[in-house]
Amino acid sequence: MKRKVGYTWRLRDVMAQHQIFTATELVPLLRERGIDLSASQVHRLVSGTPERLSLQVMAVLCDILSCTPADLVATTAENAGVRKTATGDLPAPPANVAKLRPRAARILPDA
């Protein structure tokens, strides 16, 4: 059985719990700890869901927000449905197959 695994990025929620409501408030806190990201990079980190994140950035976010990585990333896992394949359930051919076939073209000589 296959499993479908996903995650939810909860940085914005955890920031709000610590009275940090904008990405620009987070930039100097990151810089104090040696993470030099541009304002647009931090905005994407806060407003989007990252596919990749350095462990150093994760550790610094956890330090700033006094939380654990599990607070920032909520994981989900569920069994994926197995696709069934048809076996022996082929549709029956139409009754008058000859009527469905194109007729051969007749080519006439130029007169």
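Relevant structure appears above.
Note that the coordinates shown come from a computational prediction; the quantities given were computed from them, not determined experimentally.

1. Notes on the overall build of the protein chain
When you go through the protein chain residue by residue, the secondary structure sums to six helices and two strands. The secondary structure elements of the protein chain, listed N-terminal to C-terminal, are β-α-α-α-α-α-β-α. Split into buried and exposed, the 111 residues of the protein chain put 21% on the buried side. Long-range contacts, defined as pairs at least 24 residues apart, comprise 68% of the intrachain contacts of the protein chain with a sequence gap of at least 6. A total accessible area of about 9,100 Å² is found for the protein chain, and carbon and sulfur atoms account for 54% of it.

2. So, the environment of A23
You can see A23 is positioned in helix 2 (residues 23-32). Not counting chain neighbours up to four residues away, the residues in contact with A23 comprise V42, H43 and V46.

3. Thoughts on the environment of L29
Tracing the backbone through its elements, the reader meets L29 in helix 2. Using a relative accessible area of 24% as the deciding quantity, one classes L29 as partly exposed. Sequence separation of L29 and L61 is 32 residues, and the distance between their C-alpha atoms is 9.0 Å. Excluding residues within four positions of it along the chain, L29 makes contact with I20 and I64.

How each quantity is defined
Residues numbered from 1 in each chain as written. Predicted model: local features only at pLDDT ≥ 70, side-chain atom pairs only at ≥ 80, totals over all residues. Heavy atoms only, no water. Helix = DSSP H or I, 4+ residues; strand = E, 2+ residues; numbered from the N terminus. Buried < 20%, exposed > 50% of the residue type's maximum accessible area, 1.4 Å probe, protein only. Contact = heavy atoms within 4.5 Å. Areas by Shrake-Rupley, 256 points an atom, 1.4 Å probe, with all protein chains shown as cover.

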